[in-house]
Amino acid sequence: METNPKKKNSLKHVLFGSLIGTTIEFFDFYIYANAAVLVFPQLFFPGSNSTIATLESLATFSIAFLSRPLGSAFFGHYGDKIGRKFTLVAALLTMGISTVTIGFLPSYASIGVAAPLLLMLCRFGQGVGLGGEWGGAVLLAIENAPPHKRAWYGMFPQLGAPIGLLLSGGTFLLLTDSMSNEDFMDFGWRIPFIASALLVIVGFYIRTKITETPSFENSKKEQEEVKVPFLELVKSYKNQLIFGTFAAITTFLVFYLMTVFTLSWATSDLGIVKRDGLLIQLFSVLFFAIFIPVSAVVADKIGRRKMLIIATAAIAVFGFFFSYFLSSGNIVLVTTFACIGMALMGFTYGPLGTFLSELFPTNVRYSGASLTFNMAGILGAAFAPMIAIWLASTYSVSYVGLYLTGAALISLVSFLVISKEEHKF
C-alpha cells in the first residue's frame, strides 16, 4: 500500500511538466491573438471597413474567455474528484485539437458565413482547454513545493505565458519575413496552427509520466472529497471566489492592453509597420519573462498578497501615462511603454497562481483557483481589446489608461478585503 505514495515526482518533472503544458497552451492561445489582428479581419470578415473587421475579429477572440470558466468548472470538477494528472492531459488535448483545426479552416471566400462560425467554434474549444489547463499546471507545481518556496514553484507554469508569446510572435515574424504578403495570407498563417500538433505530442508524453501530487493523495486518504466541488465553492467560499476574481482582473487587462491593443493601435493608427510592431512586442515580452521569477522571489519573502498589492498600485499609476507614451507615434517611446507595461505584468502575474491557489483547500482547489482566474479573464480581458480600441478611437488613448487605472483600483480593494484564511497543502 505504500509503494504509490512513495513514488514522488522529481523536481525536474514537476517544474518542466507544469511549464511545458502552459507554454503549449499559451502558444496556441496567442497565435490566435496575432492572427486575429493581422489575418482574420481580411480572411474571415471581408466587406467591412478595416476598423469594423478588426472589431469583428476581436469579438471571436473574446469567445475563448467566455468559455474558459466552462473549462474551469468541467476540468476542475474532475481534477478535484479523480486527480490532477488525467485532467491535465485531457485539457491539453482539447486545446491542441481546437488549435490544429483552425489551421485547416477554409476562408469566407470559400464557404461564406460558415467560415467565421467554424472559427468561433474552434476558439470556444481553445477556451475550454485553457480553462482546465492553467489551474492544474499551477497545482502540479505548488502542491509539490516546500511551504517557503510556493511562489517560486508556482511561477514556473506562469512562465509558459511569456515563452508561449515569444514562440507565437517569433513564428509570425519569421513567416512574414520569409514569404510574400500574398503567400502569408494564402497559407503561411496556417503553419503555426498546424505545427502546434508537434508541441502537443511532446506535452502529452511528458504529462503521462507525472504522478499525482502529495496534497491530492493526502486529501483522498483523509476522505476529504466533496460530491460537487463547484457547489461547495458557492456554498462555503463565496468571499474567495468573488474577491479573488476581482483581484485578478488587472492582471488580464494590463496584459491584453499591452499585447493585442498595442499591436493593433500601433500598426493601424500610429503607422508602425507590422514587422516593427511584432518586434516591439517580442522585445517587451523579455521584460515580462524576467520579472516573473523576480516577483516570485520577493513574494516568498514578503508574502504573496503584499507583492500583488504593490504591483497593482504601480499599474494604477502606469495607467495615467498611457497617452504620453502611446500617442507620440515615436517608436522609442512606444517600445519603452511596452517594456514598462510588460515588466509590471511580470510583477503581478508571477505570484498570482500561488495566491489564488492558497485561497482554497485541496478538495476544491482545482475548481476554485481555475474559476477565479478564468472569471477574471472574462471581466479583465474578454472585451478589453474591443473596449480599448473604441475608447481610443472615440475619445483618446488617455481614456484607455484611465480604464486600466480604474480596474487596478478595483483589484486593490479586493486584495484588501479578501478572506485571509490559510489552508493546508
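Residues numbered from 1 in each chain as written. Predicted model: local features only at pLDDT ≥ 70, side-chain atom pairs only at ≥ 80, totals over all residues. Heavy atoms only, no water.

J.: Mind showing me how you'd approach the overall build of the protein here?
T.: From N to C terminus, the protein includes 21 helices and zero strands. Radius of gyration (C-alpha) of the protein: 21 Å, near the 22 Å computed for a compact globule of 425 residues. With respect to the three principal axes, the spread of C-alpha positions in the protein is 65 × 45 × 35 Å. In the protein, buried positions account for 59% of the 425 residues. For the protein, restricting intrachain contacts to residue pairs at least 6 apart in sequence, the fraction spanning at least 24 positions comes to 86%. Of the roughly 16,300 Å² of accessible surface on the protein, 69% is carried by carbon and sulfur atoms. Separation of charge centres in the protein, based on 28 positive and 23 negative side chains, amounts to 8 Å. (Helix = DSSP H or I, 4+ residues; strand = E, 2+ residues; numbered from the N terminus. Rg over C-alpha atoms; globule rule 2.2 N^0.38 Å. Buried < 20%, exposed > 50% of the residue type's maximum accessible area, 1.4 Å probe, protein only. Contact = heavy atoms within 4.5 Å. Areas by Shrake-Rupley, 256 points an atom, 1.4 Å probe, with all protein chains shown as cover. Lys, Arg positive; Asp, Glu negative; His and termini not counted. Charge placed at Lys NZ, Arg CZ, Asp CG, Glu CD.)

J.: Explanation requested: a nonpolar patch on the surface in the structure shown.
T.: On the surface, a cluster of nonpolar side chains totalling about 780 Å² of accessible area is made up of Val317, Phe320, Phe321, Trp390, Tyr395, Tyr399 and Leu402. Among the structural elements, valine 317 can be located in helix α15 (residues 304-318). Residue classification places valine 317 among the partly exposed residues on the basis of a relative accessible area of 48%. (Patch = residues over 30% accessible without salt bridge, like charges linked within 9 Å, V, L, I, M, F, W, Y side chains within 5 Å. Salt bridge = Lys/Arg side-chain N within 4 Å of Asp/Glu carboxyl O.)

J.: How should I be thinking about the pattern of salt bridges in this particular structure?
T.: Any two side chains of opposite charge can pair, given that their charged atoms come close. Tallied over the full model, the rule gives seven salt bridges. Close ionic contact of arginine 150 with glutamate 358 constitutes a salt bridge, the shortest N to O distance being 3.3 Å. Pair noted here: arginine 150 is in helix α8 (residues 150-178) and glutamate 358 is in the loop between α18 (352-357) and α19 (362-382), with a separation of 208 residues, a long-range link. A residue is classified by how much of its surface remains accessible, and arginine 150, at 14% relative accessible area, is buried. Assessed through its relative accessible area of 17%, glutamate 358 is described here as buried. Here arginine 304 ties to glutamate 358 by a salt bridge, and the two come within 2.6 Å at their closest N and O atoms. Of this pair, arginine 304 sits in helix α15 while glutamate 358 sits in the loop between α18 and α19, placing them 54 residues apart in sequence.

J.: Help me understand the environment of tyrosine 237 in this model?
T.: For tyrosine 237, the position within the fold is in the loop between α12 (229-236) and α13 (238-268). Taking the C-alpha atoms as reference points, tyrosine 237 and isoleucine 163, 74 residues apart in sequence, are found 33 Å from one another.

J.: How should I be thinking about the confidence of the model for the protein in this particular structure?
T.: Segments scoring low in pLDDT should not have their predicted coordinates read at a detailed level. Looking at the protein, the pLDDT average stands at 87 and 96% of residues meet or exceed 70. Predicted confidence for residues 1-6 stays below pLDDT 50, and this span has one contact to residues more than four positions away or in other chains. (pLDDT = per-residue confidence, 0-100.)

J.: Looking at this structure, I do not really get the packing of aromatic side chains. What am I missing?
T.: Aromatic ring pairs are described here by two measures, namely the spacing of the ring centres and the angle between the planes. Here the structure, examined in full by the defined rule, presents 30 aromatic pairs. For the ring pair phenylalanine 288 and tyrosine 349, a centre distance of 5.8 Å and an interplane angle of 55 degrees mean the geometry is tilted. Of this pair, phenylalanine 288 sits in helix α14 (residues 274-302) while tyrosine 349 sits in helix α17 (residues 331-349), and the two are 61 residues apart along the sequence. With respect to class, phenylalanine 288 is no different from tyrosine 349; both count as buried. Through pairs of rings, three or more aromatic residues link up here, namely Tyr30, Phe65, Trp134, Phe252, Phe255, Tyr256, Phe288, Tyr349 and Phe373. (Phe/Tyr/Trp six-rings, centres within 6.5 Å; stacked < 30°, edge-to-face > 60°.)

J.: How should I be thinking about the packing of helix α2 (residues 11-38) against α13 in this particular structure?
T.: A pair of packed helices can be characterised by two numbers: the angle between their axes and the separation between those axes. Close contact between α2 and α13 brings their axes to 9 Å; oriented N to C, the two are set at 30 degrees. Crossing of α2 over α13 shows right-handed handedness. Listed contacts from α13 to Phe29, Tyr30, Ala33, Asn34 and Val37 of α2 are Phe255, Tyr256, Val260, Leu263 and Ser264. (Axes fitted to C-alpha atoms, helices over the stretch in contact; angles between N-to-C directions. Left-handed = near helix turned anticlockwise from the far one by under 90°.)

J.: Looking at this model, I keep getting lost on the packing of helix α5 (residues 84-102) against helix α10 (residues 190-208). Mind explaining?
T.: At a minimum axis separation of 8 Å, α5 and α10 run at an interaxial angle of 165 degrees. What the angle tells us is that α5 and α10 run roughly antiparallel. Considering the relative orientation of α5 and α10, their crossing is left-handed. Here Lys85, Leu88, Val89, Leu92, Leu93, Gly96, Thr99, Val100 and Ile102 of α5 lie close against α10, whose contacting residues are Arg190, Phe193, Ile194, Ser196, Ala197, Val200, Gly203, Phe204, Arg207 and Thr208. (Parallel < 35°, antiparallel > 145°, perpendicular 65-115°, else oblique.)

J.: I keep staring at the nonpolar core and nothing clicks. Help me out?
T.: The nonpolar side chains of a soluble globular protein tend to be buried with one another. Core analysis: the largest hydrophobic core is formed by 125 residues, its most contacted members being Val39, Phe40, Tyr256, Phe261 and Phe322. Looking at this core element by element, the count peaks at 16 residues for α13. Beyond its immediate sequence surroundings of up to four residues, phenylalanine 40 is in contact with Tyr32, Ala35, Phe45, Ser57, Ile102, Leu119, Trp189 and Phe193. Counting five residues, the second-largest nonpolar core is a separate cluster that includes Ile20, Ile24, Leu92 and Val200. (Core = buried A, V, L, I, M, F, W, Y, C linked by side-chain atoms within 4.5 Å.)

J.: Looking at this structure, I do not really get α14. What am I missing?
T.: For an α-helix, 3.6 residues make a turn, and residues three or four places apart therefore share a direction. End to end, α14 covers 41 Å across 29 residues, agreeing with the expected 42 Å (1.5 Å per residue, within 8%). Remark: glycine 303 follows α14 within two positions and exhibits a positive phi of approximately 110 degrees. (Expected span 1.5 Å × (residues − 1).)

J.: Before we go on, may I ask you to explain the side chain of arginine 68 in this structure?
T.: With respect to the helices and strands, the residue arginine 68 is situated in helix α4 (residues 50-81). Side-chain polar atoms of arginine 68 contact the side chain of asparagine 374, separated by 2.7 Å. For arginine 68, the contacting residues outside a window of four places in its chain are Phe29, Gly127, Leu130, Gly131, Phe252, Phe373 and Asn374. (Polar contact = N/O pair within 3.5 Å; in protein donor to acceptor, adjacent residues only side chain to side chain.)

J.: Explain the environment of glycine 329 to me, please; I cannot follow it from the model alone.
T.: Mapping glycine 329 onto the fold places it in the loop between α16 (322-326) and α17. Note: C-alpha distance between glycine 329 and threonine 54 (275 residues apart in sequence) is 21 Å.

J.: Before we go on, may I ask you to explain the side chain of serine 264 in this structure?
T.: By secondary structure assignment, the location of serine 264 is in helix α13. Apart from the residues within four sequence positions on either side, serine 264 is in contact with Val37, Thr54, Asp269 and Ile389.

J.: Looking at this structure, how should I read the environment of isoleucine 272?
T.: Turning to its location among the elements, isoleucine 272 is positioned in the loop between α13 and α14. Classification of isoleucine 272 as buried rests on a relative accessible area of 7%. The sequence separation of isoleucine 272 and proline 41 amounts to 231 residues, and the corresponding C-alpha distance is 18 Å. Excluding residues that lie within four positions of it along the chain, isoleucine 272 makes contacts with Ala266, Thr267, Gly277, Ile280 and Val334.

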